[in-house]
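# Results of the structural survey
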Amino acid sequence: MADPGAGSWDGGLPCPPEEQELSQRLRRLYPAVNQAETPLPRSWSPKDKYNYIGLSQGNLRVHYKGHGKNHKDAASVRATHPIPAACGIYYFEVKIVSKGRDGYMGIGLSAQGVNMNRLPGWDKHSYGYHGDDGHSFCSSGTGQPYGPTFTTGDVIGCCVNLINNTCFYTKNGHSLGIAFTDLPSNLYPTVGLQTPGEIVDANFGQQPFVFDIEDYMREWRAKIQSTIKRFPVGDRLGEWQTMLQNMVSSYLVHHGYCSTATAFARVTDTTIQEEQISIKNRQRIQKLVLAGRVGEAIEATQQLYPGLLEHNPNLLFTLKCRQFVEMVNGTDSEVRCFSARSPKSQDSYPASPSLSPRHGSTNSHIHSAGVDSPSCSNGVTSTKSKQSHSKYPALTSSSSSSSSSSPSSVNYSESNSTDSTKSQQHSSTSNQETSDSEMEMEAEHYPNGVLENSTRIMNGTYKQEEILQTDESSMEDSCPQRQLCGGNHAATERMIQFGRELQTLSEQLCREYGKNTMHKKMLQVGLCLQPELAHSRSRMPSACWPTRTPGTAPWGSSWIQFRGSLCALLSTVLYWSLRTCQSSPR
Amino acid sequence: MACVLETPLRMSVLSEVTASSRHYVDRLFDPDPQKVLQGVMLLYLLQQETSSTELRTECAVVLGSLAMGTENNVKSLLDCHIIPILLQGLLSPELKFIEACLRCLRTIFTSPVTPEELLYTDAAVIPHLMALLSRSRYTQEYICQIFSHCCKLRHWHSCGFKSSPQPLLCANGPDHQTILFNHGAVQNIAHLLSSTSYKVRMQALKCFSVLAFENPQVSMTLVNVLVDGELLPQIFVKMLQRDKPIEMQLTSAKCLTYMCRAGAIRTDDNYIVLKTLPALVRMCSKERLLEERVEGAETLAYLIETDVELQRIASITDHLISMLSDYFKYPSSVSAITDIKRLDHDLKHAHELRQAAFKLYASLGANDEDIRKKIIETENMMDRIVNGLSESSIKVRLSAVRCLHSLSRSVQQLRTSFQDHAVWKPLMKVLQNAPDEVLVVASSTLCNLLLEFSPSKEPILESGAIELLCSLTQSENLALRVNGIWALMNMAFQAEQKIKADILRGLSTEQLFQLLSDSDVNVLMKTLGLLRNLLSTRPHIDQIMSTHGKQIMQAVTLILEGEHNIEVKEQTLCILANIADGTTAKELIMTNDDILQKIKYYMSHSNAKLQLAAMFCISNLIWNEEEGSQERQDKLRDIGIVDILHKLSQSSDPNLCDKAKTALQQYLA
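These notes cover the structure that comes with them. On a predicted model such as this, the values are computed, not experimentally measured, just so you know. (Residues numbered from 1 in each chain as written. Chains lettered and ligands numbered in written order. Predicted model: local features only at pLDDT ≥ 70, side-chain atom pairs only at ≥ 80, totals over all residues. Heavy atoms only, no water.)

## Details of the overall build of chain B
Put simply, the rule is: Numbering of helices and strands runs from the N terminus, with a helix taken as a DSSP run of H or I at least four residues long and a strand as a DSSP run of E at least two residues long. For every residue, the accessible area (1.4 Å probe, protein chains only) is compared with the maximum for its type, and the residue is labelled buried under 20%, exposed over 50%, or partly exposed between those bounds. The contact criterion used throughout is that any non-hydrogen atoms of two residues lie within 4.5 Å. Surface accessibility follows the Shrake-Rupley procedure with a 1.4 Å probe radius. Residue values consider only the protein chains on display as shielding.
Per the secondary structure count, chain B includes 43 helices and two strands. Looking at the 669 residues of chain B, the share that counts as buried comes to 57%. Taking as baseline every contact in chain B between residues at least 6 positions apart, the subset at least 24 positions apart corresponds to 68%. For chain B, the exposed area adds up to about 28900 Å²; of that, 53% sits on carbon and sulfur atoms.

Here is the structure:
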């Protein structure tokens, strides 16, 4: 079961015995986790914490060093890594070394980017169990009665069940029952302290746990095994085959792998519902989105699917927001034409999906964005692609998803993240955050109104000055070279113009359909992508720049993930528009 | 006999038919004698040593199938003396035949109509069964199953609880356990826990749970038994693992629970705290079957009953307290409409679920005030108890009372929720014509409701409690006598004259003296306590002494002369002190030289408590401001009290010393 990647990752350097014990225990607890790709939390992050938090003893001990006057002095720290989904069931424990003055301690989980000047549980995407009153806080300033209080000497455990997205706590080895349900993914172990003298020690597996988590894991393994065993199987084998074939075929058609779908249909002696040309059209639009040329994608959609965007104003708005983002980074054709460095390349439209190697070029483009390379994100060249492949040949071939013979838009985002992670580790020994895109995950939710309620808390809670400060520092650190609209002035003018239009559209939608926090959020995301904007903010009409959600730090590969998800969204809408109304446009 | 020759063939057909068709099986025991004859014939054939083994085996199989039918079938078979015949069959050398006989015996002994005693009538049977344990996995399975059904303590949950002062132990239980134990059951069955057959492991485990229940001897032995290098408790804990079948988890949790309650495992042992308790809490969860939830809650109630630390842990584990409130939601409203079968199932278990939940609440709230508060704050808790008190099922009523009793130990709850929900009303109703079992708990709850700070005291009095309690003091059942007199004692505390008079009238002097000569020290103490409470405040003292003075003085003399412990004598001296506080009542002491000599004696007693109590009497008698104090002082001086007071004023005991000095000052004034 042991993953070879994890093994090599651990065994690279000679480790002290306690490290070895930790690695062994983690491997035993989470055999399915590939630690090379998704490292497990092993300590608190010295970077991802509030100033009032002090770390010691190998970043496992947390103490409070603020004034502790009131809740504004609360401070939290997150673990170095989020909990990998492959854990299935994840568990860590925190020992209360000292309850300090008042014992206002919170133990829990939070997404990346959640304000650290707070106790876990007070904000959206943050969850905590507090020692002073024993209440659980589920993204809210008011707690619910949950369990007993805890104090000096107690060991509090937190178990995240990623199978049913719940969480329960333990106290001194006793399970306290479910605290949270419907948890989002990619949460970090988090603790928060609020009064002087509070000290807690974390156990991410360094020591045996007080609670018998392995017994709990055994129960779930047995549960899942019996579910599989009990799954009703149709009498005839043929039914299974048909179902599987349909599944494969519809997947291929949905994602526009036209030739593969045709070949598959031929071999399996089935038929494809949709016509080839229609698949190709959708594929073309998808590729435009993935390449960041959203403006063209919108045009193509309007041309090929008249009326579709008019019926989906939310989708149109989402696309336009993205277009704005692409304009800002100089990828969209509306601003690209201003840039001398990157002429509009009509020929990059894939004439046919059979020309699959083209994907390689897009791939390397993403690759370069994933690593902190200079901003010529649209200057995609085949040489670059070759370079990156030859540089780490073994890695590319070992990556299961990026086989060059069958590139696909889905593989595309996967292979991107894999490559970037691996290459980072090769290129630098510093433990750089490889996937700091957690906040973007929210944006991936489709704007169909599901998330509307839950996002409201975030808006307007913070003072703008505060945020500006932290923004600037972090932005300057991480990306000094990137330039607005590729540095072209005319393009910038066009972008500002577009930004205003977008704001107008938003207001119009707001009038017609009521307030949509998701839209507001998208505008914000569009804004905060750009480091330069923080500086240029003063030059812009203020209405254009809504307050940025605190803590969002969408860099690097996250852009591309957003493109991917947008592409999937658009593609899904197009696909279903075909299936529901039979008048498929040519 | 012609048909007999054909039997081998017909038998096998018959056994298949009988196993599959209950209808046919039942018809075999038709009132029509012709048909019953078939069963008798089978038994006859089975006994014939001359019949072929195959034929005899088939007979046993068919009889086994018949026993699977209704209870009437089993009764008919028992009437034909099937058990001795089958036990005889076990002596055969043929394993197949033995297995068939055992299977049939198993079926018969697991029926509720079969008396367990039948297994023990012949002393040779148990050793022979022990010997057969090594023969095959089937003999192992059936024999273990027979054992675990034949030393069962029926209704253990109602006798296991310490809260009922007189455990109604089943007379046969311990005997059976001891018989099996003495024949090496522990050693013979222990190794079956590592059998490859799940059924054998399971039956062996069940056997141990039955053997260990309330049996320190068996439990202490089990702790040290080794199987394949592992101690038995370790093996039980392994069987508790969450991926094991629920039945196995539940039964091994029972074994560990019983061993713990029998004193073989400490209550703070990690096996109990971190393994057994959490496993039992899990059994109470919604995911489990109704039967499992009932058993889990009952076993947990038993485990934590007497240990406050375990109660605290259970109360925070997996939201147990709110989880239990789901036990009251059967039959659920949905099931009634959509699914008749489900409704039937729900109804069948609804009573069991409720009584189990009440029982567990009672254990949880037995000692800790915070837990009681949490329980009462559970949704509709008081309403549920009140409803439970008037349910038709006696089991539910009993555990509802038990729960109420546990919660009534809280002063705060007595003053608030108990009053808000007028729990005394249904409680008084329960006390009318209830069986002793219920009466014991209900009356001790009533004791708490009659405490002087309880607002329920008044309405309870008005609803005729005195009469009821007085009748309880005449009960054969010791616990009821104690509770009855205890409640009266509480009632008399700082009560008004009318209530005191009612109590005295209700109780009658004869009964009062009957209680004062009760063999049980508890009854005596509470009766003295009642007297003491009756004899408080001067007008009451004089009033009562004027009517009952003679008898009371007699009783006091009797007790002071008798062989009683210090507490009893102290209480009695306190009564004297109270009498000495009366105005006219004083004379009853002053004119009784015998009593005066006794007081003098206790002033020089070796026990400081008794000295102090005697001193109270003297103080009350010589108090200056009262009429006739001079004469009393003189008389007491004459009998040498003053000398003793002087001696006591030098005492090292500060209390005594103070008291003596104050008394001497009365003489000086």
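## Remarks on the side chain of Thr378(B)
Residue and element names in this part refer to chain B. Rules: Think of a polar contact as two N or O atoms within 3.5 Å of one another; within protein, one of them needs to be a possible hydrogen donor and the other a possible acceptor, and neighboring residues in sequence only count if both atoms come from side chains.
By the element assignment, Thr 378 lies in the loop between α23 (369-376) and α24 (381-389). At 2.7 Å, the side chain of Thr 378 and the backbone oxygen of Ile 375 are in polar contact. Apart from the residues lying within four places of it in its own chain, the contact partners of Thr 378 are Ile 321, Ser 325 and Tyr 361.

## Some details on the sheet that holds strand β13 (residues 187-193) of chain A
Sheets are built from strands that pair by backbone hydrogen bonding, the pairs being arranged parallel or antiparallel. Residues and elements named next belong to chain A. What counts is decided by this rule: DSSP calls a pair of strands paired once it identifies at least 2 bridges connecting them.
The antiparallel open sheet is built from seven strands, whose spatial order is β1-β4-β13-β6-β7-β8-β9. Unpaired on one side and paired on the other, β1 (44-49) and β9 (144-145) mark the two borders of the sheet. Looking at chain direction, strand β8 (residues 135-138) and β9 are connected through two bridges and run antiparallel. Of the residues in β9, the one forming a bridge with Ser 136 is Gln 144.

## With respect to the sheet that holds strand β2 (residues 53-56) of chain A
All names here are of chain A. Condition: Convention adopted: a line fitted to C-alpha atoms gives each axis, helices being fitted over their contacting stretch, and angles between N-to-C directions are expressed from 0 to 180 degrees.
Pairing is antiparallel in the open sheet, where seven strands are placed in the order β2-β3-β14-β5-β10-β11-β12. Taken across any chain shown, the strands that pair with only one partner, and hence form the sheet edges, are β2 and β12 (174-180). Between one strand and the next, the sheet's axes are offset by a mean angle of 25°, whatever the strand orientation. With seven bridges joining them, strand β5 (residues 89-99) and strand β10 (residues 155-161) adopt antiparallel strand pairing. Note that in β10 the partner of Val 94 across the bridge is Ile 156.

## Notes on helix α6 (residues 276-290) of chain A
Residues and elements named next belong to chain A. Filter applied, for reference: The span you would expect from a helix comes to 1.5 Å times its residue count less one.
Between the first and last C-alpha of α6 there are 21 Å, a value that for 15 residues agrees with the 21 Å anticipated at 1.5 Å per step. Within α6, eleven of the 15 residues are buried, leaving the element largely enclosed by the surrounding structure. Buried within α6 are the following residues: Ser 278, Ile 279, Asn 281, Arg 282, Gln 283, Ile 285, Gln 286, Lys 287, Leu 288, Val 289 and Leu 290. Gly 292, located one to two residues past α6, shows a positive phi value of around 90°.

## A look at the interface of chain A and chain B
Inclusion rule: Buried area is understood as the total, over both parts, of accessible area removed when two parts are fitted together, assessed with a 1.4 Å probe. When a carboxyl oxygen of Asp or Glu lies within 4 Å of a side-chain nitrogen of Lys or Arg, that pair is called a salt bridge.
Contact residues are listed per partner, giving 17 residues for chain A and 14 residues for chain B. Interface area for chain A against chain B, summed over the two sides, is near 1300 Å², with a carbon-plus-sulfur share of 50%. Our count for the chain A to chain B interface comes out at four salt bridges. The partner of Arg242(B) in a salt bridge is Glu219(A), and the shortest N-O contact between them spans 2.8 Å.

## Description of the environment of Pro233(B)
All names here are of chain B. Along the chain, Pro 233 falls in helix α15 (residues 232-239). Judged by its relative accessible area of 6%, Pro 233 is buried. Separated by 26 residues in sequence, Pro 233 and Met 259 have C-alpha atoms that sit 9.1 Å apart.

## A word on the pattern of salt bridges
Close approach of charged atoms lets side chains of opposite charge pair. For the coordinates displayed, the defined rule picks out 42 salt bridges over all chains. Close ionic contact of Asp502(B) with Lys498(B) constitutes a salt bridge, the shortest N to O distance being 2.9 Å. Of the two residues, Asp502(B) and Lys498(B) both sit in helix α33 (residues 497-507), four residues apart, roughly one turn of that helix. Residue class for Asp502(B) comes out buried when judged on its relative accessible area of 19%. Under the relative-accessibility criterion, Lys498(B) is labelled exposed at 53%. Three or more residues are tied together by salt bridges with common partners; here these are Glu219(A), Lys223(A), Arg242(B) and Glu287(B).

## As for a negative patch on the surface
Rule in force here: Patch building starts from residues that exceed 30% relative accessible area and form no salt bridge, then joins like charges within 9 Å and nonpolar side chains (Val, Leu, Ile, Met, Phe, Trp, Tyr) within 5 Å. When charges are counted, neither His nor the chain ends are considered; positive counts come from Lys and Arg and negative counts from Asp and Glu. In plain terms, the charge of a residue is placed at NZ if it is Lys, CZ if Arg, CG if Asp and CD if Glu.
On the surface, Glu627(B), Glu631(B), Asp634(B) and Asp638(B) cluster together to form a negatively charged patch. With respect to the secondary-structure elements, Glu627(B) resides in the loop between α40 (608-622) and α41 (629-638).

## Thoughts on the environment of Leu119(B)
Residues and elements named next belong to chain B. Tracing the backbone shows Leu 119 in the loop between α7 (95-109) and α8 (125-132). Of the residues examined, Leu 119 reaches a relative accessible area of 1% and is grouped as buried. Sequence separation between Leu 119 and Phe 147 is 28 residues; the distance between their C-alpha atoms is 9.0 Å. Sequence-distant contacts of Leu 119, that is, excluding residues within four places in its chain, are made with Phe 109, Val 125, Ile 126, Leu 129, Ile 146, Phe 147 and Cys 150.

## Let's talk about a nonpolar patch on the surface
Residue and element names in this part refer to chain A. A cluster of nonpolar residues, Ile 163, Ile 224 and Ile 228, forms a patch on the protein surface that exposes about 260 Å² of accessible area. Position of Ile 224 relative to the elements: it lies in helix α3 (residues 213-230). Overall, Ile 224 belongs to the partly exposed group, its relative accessible area being 34%.

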